[in-house]
Amino acid sequence: MDDFYREFILDHYKNPHNFGELADATHRYHDTNPLCGDEITMFLKIGADDRVDDVRFSGTGCAISVASASILTDEVKGKTLDELKAIDRDHVLENLGITLTPARLKCALLSLKALKGSAWGLHEWPGEEAKSS
Amino acid sequence: MDDFYREFILDHYKNPHNFGELADATHRYHDTNPLCGDEITMFLKIGADDRVDDVRFSGTGCAISVASASILTDEVKGKTLDELKAIDRDHVLENLGITLTPARLKCALLSLKALKGSAWGLHEWPGEEAKSS
Amino acid sequence: MAVTAPQKTATPLDVERLRADFPILSRTVHGKALVYLDNAATSQKPRQVIDAMSAVYLEHNANIHRGVYEFSERTTALFEGAREKVATLINAPQTREVIFCRNATEGLNLIMHTWGREHIGAGDVIVTTVLEHHSNFVPWQQLAQQVGATLVVVDIDDDGRLRRDQFTAAMAKRPKLVALTHTSNGLGTITPAKALTAEAHAAGALVVIDGAQSVPHAAVDVRDLDCDFLAFSGHKMLAPPGSGVVWGRAAILEQMRPFLYGGDMISRVAVDLTTWNELPWKFEAGTSAYVDAIGLGAAVDYLQAVGMDKIHEHERALVGYALPKLLAVPGLTVFGPKTLEDRVGVISFDVAGIHPHDVAQIFDSEGICVRAGHHCNQPLMTRLGTAATTRASFYLYNTFAEIDALVGAIDTAKKLFKV
Amino acid sequence: MAVTAPQKTATPLDVERLRADFPILSRTVHGKALVYLDNAATSQKPRQVIDAMSAVYLEHNANIHRGVYEFSERTTALFEGAREKVATLINAPQTREVIFCRNATEGLNLIMHTWGREHIGAGDVIVTTVLEHHSNFVPWQQLAQQVGATLVVVDIDDDGRLRRDQFTAAMAKRPKLVALTHTSNGLGTITPAKALTAEAHAAGALVVIDGAQSVPHAAVDVRDLDCDFLAFSGHKMLAPPGSGVVWGRAAILEQMRPFLYGGDMISRVAVDLTTWNELPWKFEAGTSAYVDAIGLGAAVDYLQAVGMDKIHEHERALVGYALPKLLAVPGLTVFGPKTLEDRVGVISFDVAGIHPHDVAQIFDSEGICVRAGHHCNQPLMTRLGTAATTRASFYLYNTFAEIDALVGAIDTAKKLFKV
Ligand SMILES: Cc1ncc(COP(=O)(O)O)c(C=O)c1O
Ligand SMILES: Cc1ncc(COP(=O)(O)O)c(C=O)c1O
């Protein structure tokens, strides 16, 4: 378990970077992990040159999902929308550097899903908008 | 199997007594064995003194169900309606004198069910009337 | 190919070796060796399937999907792995199109209760056939009656083959839905499902195929058939009862509302609003019969290892041997196709002067299991002018010797009944 | 009874002897002895149940009800025998009131799709509670939305017990239906189902009880409860997934139209008209999961031999030991009743600073299986102000030592997370 819950993961979990909401977000996407009820909302502020000026995430999650979101949001700042769309799951898993079982994979990838949803300008699932924080 | 398909059962099957319809029946009831599709219609003509003046049965069935109906209809002639209602399943099984598995019990008892339905003046199941022969 | 003399065509299967996998086949009934010829009702199970299920209980049983612990993850992986195996078996474009249910019946009713109720209304036409099992007949009949639609029933010819002319005529009514069996469990007829599907699509209908008797016995490919839904039952293909499948095109399934509501099929539940999980789970409410599904996965492995084409060929060899033998028995009538063309190892027959119940009971005393009755085919029985037939149906483990036993038992029955 | 110090109350069960019947319990996970505390999700199976199912496949498997041969008769007798056992277990007035289905979820949906759709219309009121599992919540929520009825959701107090005042107030709305869980799978609360049923009846409502968490753990008597429907799942009571039950009063079931249409549930099928089979088969379309049902029969035998009252007492002893231990852990919050009154062996908790997923994963590395998540209880989670909890749930084979292991693992998790 020490292998799994490494120091940097716990650090990100306890003090997540870019945590909170972004009042002037240009893109926003809310997603849930139906298996556990965890939720994440990803806020992006995209500038004129199509670059990420700012990013935030909010919601509740486990160490894996929060650390994953924290690291991911750090990375995307300054990236273009296209670069952002190109981030793949393997990259996110490399960020964490641990072997995940299928159930935990969903935790690790929730932030990526929300980021992509936001980047592609997807709408929330029908009816979820009202309830996303 | 010789024990099971005794001579008298096969005789009743091949030459069933009281087989056919009764144009002037006062009571009539149609029943089916849903497991095999066999059908029987029991016709009773009840006289003024509440006695069975005549009886017939029609339909299709296996050796057990036809023999059972044949023997049963022989017996009820001249009986009062009340006597008829008192006939129980054990009696019918004794008539056959063989041990039946649960699936075949349904065959042996189909005629009794139809007879009782007829004696009690029950209606056919909804919608079946039109199709009973 | 006309059938003339009984011939033991070479079978591609090493049947004796296969039989060794089925413990039940070495049992006796009433002191006689078991001859199991009721495969259209349900199949026997190889040790591989029985063991795969026991292994779950003995080694890592846990409820699936939501558990963050090793046993749950292992069981979930086997369950979802079974789904992939099924998808491969029927060549489904996507694994998430495979929905586990109890049996073909539930699968067909799922379509009726969801797509059917949403799209079929007053004045619409549903086309089905007189060959259907009640499970692909009564749901559509009831739906039609409830919403005021019309049910058109395509007839067969006297050889038990579907009346293509009537089918084509029915298409002119521009039905919304065609519910068609791939193989008749009453007669063994194979319908030209691919051609009929193309015709139905041209007429604007969706096509539901009842694969309960085809998927276990031959290679069935949903991409090739190009149908919209396919339902079948695991228990007829070496898997346990409780494992069934309904496959549908993702694009259609995604538009459909759920069937059963509850655990696992939701995305989020609030007091006033619920959103649904993704495919396939949207249609799998509550705890799935996951061990049965895992058993189905093991059964698919077994069938694939033997080879669906070889199984089909073996059964054809059995029919090629059995049909002429049966047709030669005085007083015996075979219902359905009398040639090997478009037919599988299901033979329904009548022995003059002996009711099918009595035939089956006498057979049982000889160790032979066959079915006697209407086979959940009452519209077909009515069409054939009978209430019941005796039906022998074959599978990969049946032998020529068992057919000899069958024919011998008919003789016994006739002697006993003096016919 | 207030819980103060952890006490190993005498249990009426010889747990070590029982454990020997469950082969899986002697396995290890990640090198640690298995501590299975996810019984509210699903239970483990004793050898008696696994063997009863294998025996069918090995000895006499055949499809049920329609076969006129020994194997079919034997299998049918076991299947129908299982129904009688279930009827006895819940003290059903009539065996034919016991309908086999896949699980509690299907049972509850069956009621919704039949009785519900026939009797609930625009303006009608359905009453349920915030304690419900999604399976007894979403069906009624969806029905209400589809037909324009109102769903009234009775709240709990801060101890997780149902608000009797709110329930009584809801009855003043004269609901048509009350859907009530007997035991909460999220909090372990037992609802006063008998008293509430009487109240609901007085208000003119029918009462559906979700017995998924009560029937496995205590003596449940439908005559005493006087409810109208009861649904539960075999897999939570030592039986296989795929074996579920919905019980209903015969008088009501007889008036209901069928749910699924197809084989076995018909009396007669003609092209234009179908009539239904008798109870219970009217509601069992297609080939039942008969081996699963036979497994449920064996499970009921096992449970009855142990004694439902003793099982309940044993679980109370475990809770009486566990609750004070857990309540003493700094940073740990127990959701739901903190006393032994009206509660069973389900304990949901939160460890400050560690998400339930992480708790469960750390537990797994110690061989301990618990559930982390919303437990299909999202309305309840919302009420509790959390997205997820960690839940330990007990059964007849759990021990005091396993509770020590649980508490020890919480310590491990806290050390790891430095909280
Ligand atoms: C109270 C309650 N109701 C219903 C269910 C649903 O059971 P199943 O998934 O077996 O249908 C559960 C299972 O978690 C439950 O705990
Ligand atoms: C052609 C056909 N369709 C449907 C069914 C129904 O299968 P199940 O009872 O497994 O639902 C059967 C089984 O007899 C069948 O042969």
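Below is a short write-up of the structure. Computed from a predicted model, the values in this text were never measured in an experiment. (Residues numbered from 1 in each chain as written. Chains lettered and ligands numbered in written order. Predicted model: local features only at pLDDT ≥ 70, side-chain atom pairs only at ≥ 80, totals over all residues. Heavy atoms only, no water.)

### Some words on the overall build of chain C
Piece 1. A tally of helices and strands in chain C yields 14 helices and 17 strands.
Piece 2. Compactness check: chain C gives a C-alpha radius of gyration of 22 Å against a globular reference of 22 Å for 419 residues, within 12% of the reference.
Piece 3. If one aligns the C-alpha atoms of chain C with their principal axes, the spans along those axes are about 70 × 55 × 35 Å.
Piece 4. Split into buried and exposed, the 419 residues of chain C put 69% on the buried side.
Piece 5. Summed over all atoms, the accessible surface of chain C reaches about 11,900 Å², with 52% contributed by carbon and sulfur.
Piece 6. Here chain C holds 38 positive side-chain charges and 45 negative ones, and the gap between their average locations is 3 Å. (Helix = DSSP H or I, 4+ residues; strand = E, 2+ residues; numbered from the N terminus. Rg over C-alpha atoms; globule rule 2.2 N^0.38 Å. Buried < 20%, exposed > 50% of the residue type's maximum accessible area, 1.4 Å probe, protein only. Areas by Shrake-Rupley, 256 points an atom, 1.4 Å probe, with all protein chains shown as cover. Lys, Arg positive; Asp, Glu negative; His and termini not counted. Charge placed at Lys NZ, Arg CZ, Asp CG, Glu CD.)

### Looking at the pairing of strand 6 (residues 150-154) of chain C
Residues and elements named next belong to chain C.
Piece 1. Across five bridges, the pairing between strand 5 (residues 125-129) and strand 6 is parallel. Note that in strand 6 the partner of T128 across the bridge is V153.
Piece 2. As for the winding sense of the linkage, the β-α-β connection from strand 5 through helix 5 (residues 138-147) to strand 6 is right-handed. (Pairing = 2+ DSSP bridges. Right-handed = clockwise from strand over helix to strand, strands pointing away.)

### Digging into the site of ligand 1
Piece 1. Inspection of the region around ligand 1 gives 16 residues, with T105, D210, Q213, S233 and K236 of chain D positioned closest.
Piece 2. Residues lining ligand 1 come from chains C and D.
Piece 3. Between ligand 1 and T287 of chain C, the relevant distance is 2.7 Å, taken from an oxygen atom to a side-chain nitrogen or oxygen of the residue.
Piece 4. The separation between an oxygen atom of ligand 1 and a polar side-chain atom of H133 of chain D is 3.1 Å.
Piece 5. Contact with the protein chains hides 95% of the accessible area of ligand 1, taken as 400 Å² for the molecule alone. (Near = heavy atom within 4 Å. Polar contact = N/O pair within 3.5 Å; in protein donor to acceptor, adjacent residues only side chain to side chain.)

### Let's talk about the interface of chain C and chain D
Piece 1. Between chain C and chain D, the contact holds 91 residues from the first and 91 residues from the second.
Piece 2. Around 7,100 Å² of area is buried between chain C and chain D when both sides are counted, 58% of it from carbon and sulfur atoms.
Piece 3. On the chain C side of the interface with chain D, the three residues burying the most area are Y57, Y69 and Y261 of chain C, jointly 11% of the side's total.
Piece 4. In this assembly, chain C and chain D are joined by two salt bridges.
Piece 5. For R102 of chain C, the salt bridge identified is with E106 of chain D, shortest N-O distance 2.8 Å.
Piece 6. The interface formed by chain C and chain D holds 39 residue pairs in polar contact (both at pLDDT 80 or more) in total.
Piece 7. With eight residues, helix 2 (residues 47-60) of chain C is the largest single contributor of residues to the side of chain C that touches chain D.
Piece 8. Its residues placed into classes, the side of chain C that touches chain D shows 44 nonpolar, 33 polar and 14 charged. (Contact = heavy atoms within 4.5 Å. Buried area = accessible area lost by both parts, 1.4 Å probe. Salt bridge = Lys/Arg side-chain N within 4 Å of Asp/Glu carboxyl O. Nonpolar A, V, L, I, M, F, W, Y, C, P; charged D, E, K, R; others polar.)

### Looking at the sheet that holds strand 1 (residues 27-33) of chain A
Residue and element names in this part refer to chain A.
Piece 1. The strand order 1-2-3 describes an open sheet built from three strands, whose pairing is antiparallel. Lying at the two open borders of the sheet, with one neighbouring strand each, are strand 1 and strand 3 (52-60). Across this sheet, the average inter-strand angle for adjacent strands is 15°, counted without regard to direction.
Piece 2. Two strands pair when backbone bridges link them, and strand 2 (residues 38-46) and strand 3 are joined in this way by eight bridges, in the antiparallel orientation. Paired with F43 across the two strands is R56, which belongs to strand 3.
Piece 3. Sheet strands in contact with helix 5 (residues 102-119) are strand 1 and strand 2, and its direction is about 150° off that of strand 1. (Axes fitted to C-alpha atoms, helices over the stretch in contact; angles between N-to-C directions.)

### Points about the interface of chain A and chain C
Piece 1. Contacts between chain A and chain C engage 15 residues on the former and 13 residues on the latter.
Piece 2. Summed over both partners, the interface of chain A with chain C comes to about 1,100 Å²; 52% of that surface belongs to carbon and sulfur atoms.
Piece 3. Inspection of the chain A/chain C interface yields two salt bridges.
Piece 4. Residue R268 of chain C pairs with E39 of chain A through a salt bridge whose shortest N-O separation is 2.5 Å.
Piece 5. Between the two partners, chain A and chain C, sit three residue pairs in polar contact (both at pLDDT 80 or more).
Piece 6. Those elements that place two or more of their residues in the side of chain A that touches chain C are strand 1 and helix 5 of chain A.
Piece 7. Considering each element in turn, the side of chain A that touches chain C owes the most residues, four residues, to helix 5 of chain A.
Piece 8. The residue inventory of the side of chain A that touches chain C, partitioned by class, reads five nonpolar, five polar and five charged.

### Comments concerning the arrangement of the chains
Piece 1. With five pairs of chains in contact overall, the greatest share of contacts is found between chains C and D.
Piece 2. With no contact formed, the shortest span from any C-alpha in chain A to any C-alpha in chain B equals 44 Å.

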